Amino acid sequence: MSKPLQSRLAEEVGKRRTFAIISHPDAGKTTLTEKLLLFGGAIRLAGTVKGRKAAKFATSDWMEIEKQRGISVTSSVMQFDYKGHRVNILDTPGHQDFSEDTYRTLTAADSAVMIIDSAKGVEAQTKKLFQVCRMRGIPIFTFINKLDREGRDPFDLLEEIEQVLGIRSHPMNWPIGMGKQLCGIYDRHKQQVELFDENDTEKIEVTEVSGYDDPKIRKMAGEHLHDQVQQELELLDVAGDDFDFEKVRQGELTPVFFGSAVNNFGVQTFLENFLTLAPTPTARKSNEGEVEPTETKFSGYIFKIQANMNPAHRDRVAFLRIVSGKFERGISVYHARSNKTMKLSQPQQFLAQDRDIVEEAFPGDIIGLFDPGVFRIGDTLAEDRSLAFDELPTFSPELFCKVTVKNALKHKQYQKGIDQLTDEGTIQVFKTPHFEDVILGVVGQLQFEVFDYRMKHEYGVDIQMQRLNYQFARWLVGDVDPNKFRINSTVVLDKNQNYVALFENEYAMRSSMEKFPDIQFLETAP
Ligand code: GDP
């Protein structure tokens, strides 16, 4: 391949950062995202930052169910430029619309930003999303938000992060006061203080200091607060984890930043540090080993399929993460599963209202492809015909229901719907050896609703769903005799004929694990 392409690739890859934001609803994800986009002057928004904003929603053409509920069913992608960097943010949806897509989106990110509400600490959804990031070993950056409110003691919060999430932390900056007393944050590396002014969130005012004992801080914070902050910072210097870039890169140490997103306080310093420390697009594993982003042959994989973005054409859009090479509109790629070569002539990035045709894109970027029904989650598209990326993990569902068709004559359409929606990753399907009905498993309630809606509107099938009491699913690996499991659980088969045990509670799961020490109980499909 020609030299110029290689150097162009190296340059474009070097500019890019692709990350996902993980947080519990209301921690401030939307607010922080909006501030980040403002710093950069957003160039592209996929969907809206958050669908619940009704006005924006009316102009977009998401599926009916989204309009009714005012939320976005699938996570979206945003892109902006900042000081020579190109940043891709992958949004992970909030509580009502939490789904397996949320987890899969994390597989397309190279790092994650975890937002924590300073008053609430580590919350349930953050924990779940964090675990998926941990599984991949990607770097995690923490933003402790809402410093303008009375929150918990910062040491408490750090301890919780370490205890609950099992990751070491290194505060990059430290609050000088909180709530009403908040006057600034002290940057431990640059030795400067960013001043807090709640009346002027546009201007970012920074004062150089000689250290945390600088009289300037004392003057600003008062003796009492300054004494306290000095003690805290001394303690951190002595007893805290040192900054270690390698550990950050391995996802073993999280750099922690304090701030207040709504006041635009601490956001820019967070962004700049993040851009310095976060990895450029990383390699992905395949049957041919790791595929580096700077390899000149184009490759990518599909991590999400979104249906019915435009109800007028019942189309689906497949989201592709570019792994290597340069993407150009009209490029011919090989789709291994269908054994076909295809021309990608209408690739898109998305604006809130219009879809933008992409002319070129590089590793780390996400593009949308029209999908006439040929793509599946995890599919590889590549110039190299023999390349196949490793499959995306299938995550353990937490909600289950039994499905029956109301009209037996519709069985064929029903089966087609089940197959396609499983391919798209909308639902997971389990079967039992004993009866015809299938069991659906999902991680978020909305997936059931989408399934029901699409069965009716796309496949013309009315179904009945009955909720089941299971809470946990574990893939069983080893010498499994399903009959022996019956006491505490139900054993079913997934679409690849793997055994999966469903449990009603944690106790039942634990006792089965103890009873069968030779069997592995996996949280993701083998
Ligand atoms: P999301 O659900 O995580 O996207 O949270 P939002 O960004 O929608 O924020 C939830 C609420 O917290 C909103 O009312 C925000 O205005 C508010 N909020 C966000 N950041 C801050 C902050 O720094 N301080 C305070 N006091 N409120 C904030």
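Just so it is clear, the structure is predicted and the values come from calculations on it, not from any experiment. (Residues numbered from 1 in each chain as written. Predicted model: local features only at pLDDT ≥ 70, side-chain atom pairs only at ≥ 80, totals over all residues.)

Turning next to the site of the ligand. By nearness alone, 17 residues border the ligand, and Lys29, Thr30, Thr31, Ser260 and Val262 come closest of all. Counting residues per element, the shell around the ligand draws most heavily on helix H2 (residues 29–40), which supplies three residues. Of the residues that constitute the shell around the ligand, the class distribution is four nonpolar, eight polar and five charged. (Near = placed C-beta within 6 Å. Helix = DSSP H or I, 4+ residues; strand = E, 2+ residues; numbered from the N terminus. Nonpolar A, V, L, I, M, F, W, Y, C, P; charged D, E, K, R; others polar.)

Entries for the protein chain in the domain assignment read domain 1 (15–174 + 242–277), domain 2 (284–382) and domain 3 (399–522). Taken together, the contact between domain 2 and domain 3 spans four residues of the former and four residues of the latter. For the side of domain 2 that touches domain 3, a count of residues per class yields three nonpolar, no polar and one charged. (Domains from an automatic or database assignment. Contact = placed C-beta atoms within 7 Å.)

Turning our eyes to something else, we now look at the sheet that holds strand S9 (residues 184–187). Strands sit in the order S8-S9-S10-S11 across an open sheet of four strands; the sheet is antiparallel. On the outer flanks of this sheet lie strand S8 (173–176) and strand S11 (206–208), each paired with one strand and no other. Ignoring strand direction, the axes of neighbouring strands in this sheet form an average angle of 25°. (Pairing = 2+ DSSP bridges. Axes fitted to C-alpha atoms, helices over the stretch in contact; angles between N-to-C directions.)

This part takes up the environment of glutamate 12. Looking at where glutamate 12 falls in the secondary structure, it is placed in helix H1 (residues 3–15). In this structure, the C-alpha to C-alpha distance between glutamate 12 and proline 363, residues 351 residues apart in sequence, is 8.0 Å.

This part takes up the pairing of strand S12 (residues 253–258). Most of S12 sits inside the fold, with six of its six residues counted as buried. Burial along S12 is two-sided: the face carrying Leu253, Pro255 and Phe257 and the face carrying Thr254, Val256 and Phe258 are both buried. Where strand S6 (residues 140–145) and S12 come together, three bridges link them in parallel fashion. In the sheet register, isoleucine 144 faces S12, and the bridge partner there is phenylalanine 258. (Buried ≥ 20, exposed ≤ 12 C-beta atoms within 10 Å, placed from the backbone.)

So, on to helix H9 (residues 223–239). For H9, spanning 17 residues, the distance from its first C-alpha to its last is 24 Å, which sits close to the expected 24 Å at 1.5 Å a residue. Taken together, the buried positions of H9 are occupied by His226, Val229 and Glu232. Down the axis of H9, the smallest arc covering the buried residues is 130°, so these residues share one side. Exposed residues lying more than 90 degrees from the buried face of H9 are Glu223, His224, Asp227, Gln231, Glu234, Leu235, Val238 and Ala239. (Expected span 1.5 Å × (residues − 1). Arc of directions from axis to C-beta.)

Turning to the pairing of strand S30 (residues 489–493), a few remarks are in order. Where S30 lies against strand S31 (residues 499–503), five bridges are found, and the strand directions are antiparallel. Within S31, the residue paired with threonine 490 across the bridge is leucine 502.

The subject of this paragraph is unusual backbone geometry. The residue aspartate 26 is not glycine, and still its phi comes out positive at about 80°. As for its placement among the helices and strands, aspartate 26 is situated in the loop between strand S1 (16–23) and H2. With 14 C-beta atoms counted inside 10 Å, the residue aspartate 26 sits in the partly exposed group. Residue lysine 83 is not a glycine yet carries a positive backbone phi of 40°. Take lysine 83: it is sitting in the loop between strand S3 (77–82) and strand S4 (85–90). Assessed through the 9 C-beta atoms surrounding it within 10 Å, lysine 83 is described here as exposed.

Time to look at the nonpolar core. Counting residues in each nonpolar core, the largest one holds 89 residues, and the members touching the most others are Ala112, Met114, Cys133, Ile302 and Leu320. Considering every element that reaches this core, the biggest residue donor is strand S16 (residues 316–324), with six residues. Domain assignment of the residues forming this core places at least three in each of domain 1 (15–174 + 242–277) and domain 2 (284–382). Setting aside residues up to four positions removed in sequence, methionine 114 forms contacts with Ile22, Ser23, Thr126, Phe130, Ile140, Phe141 and Thr142. Tyr470, Ala501, Phe503 and Ile519 belong to the second-largest nonpolar core, a separate cluster that totals 32 residues. (Core = buried A, V, L, I, M, F, W, Y, C linked by C-beta atoms within 7 Å.)

Here leucine 344 lies in strand S19 (residues 340–344). Accessibility expressed as a C-beta count within 10 Å gives 20 for leucine 344, which makes it buried. Counting along the chain gives 14 residues from leucine 344 to glycine 330, while the straight-line C-alpha distance between them is 4.9 Å. Other than its neighbours up to four places away in sequence, leucine 344 contacts Ile331, Val333 and Leu369.

Here the focus is the packing of helix H12 (residues 411–424) against helix H13 (residues 445–459). Running from amino to carboxyl end, H12 crosses H13 at an angle of 130°, the nearest separation of the two axes being 10 Å. Compared by their axis directions, H12 and H13 come out oblique. Handedness of the H12/H13 crossing: right-handed. In contact with Gln413, Tyr414, Lys416, Gly417 and Leu421 of H12, H13 contributes Phe451, Arg454, Met455, Glu458 and Tyr459. Grouping the amino acids of the contact of H12 with H13 by side-chain chemistry returns five nonpolar, two polar and three charged. (Parallel < 35°, antiparallel > 145°, perpendicular 65-115°, else oblique. Left-handed = near helix turned anticlockwise from the far one by under 90°.)

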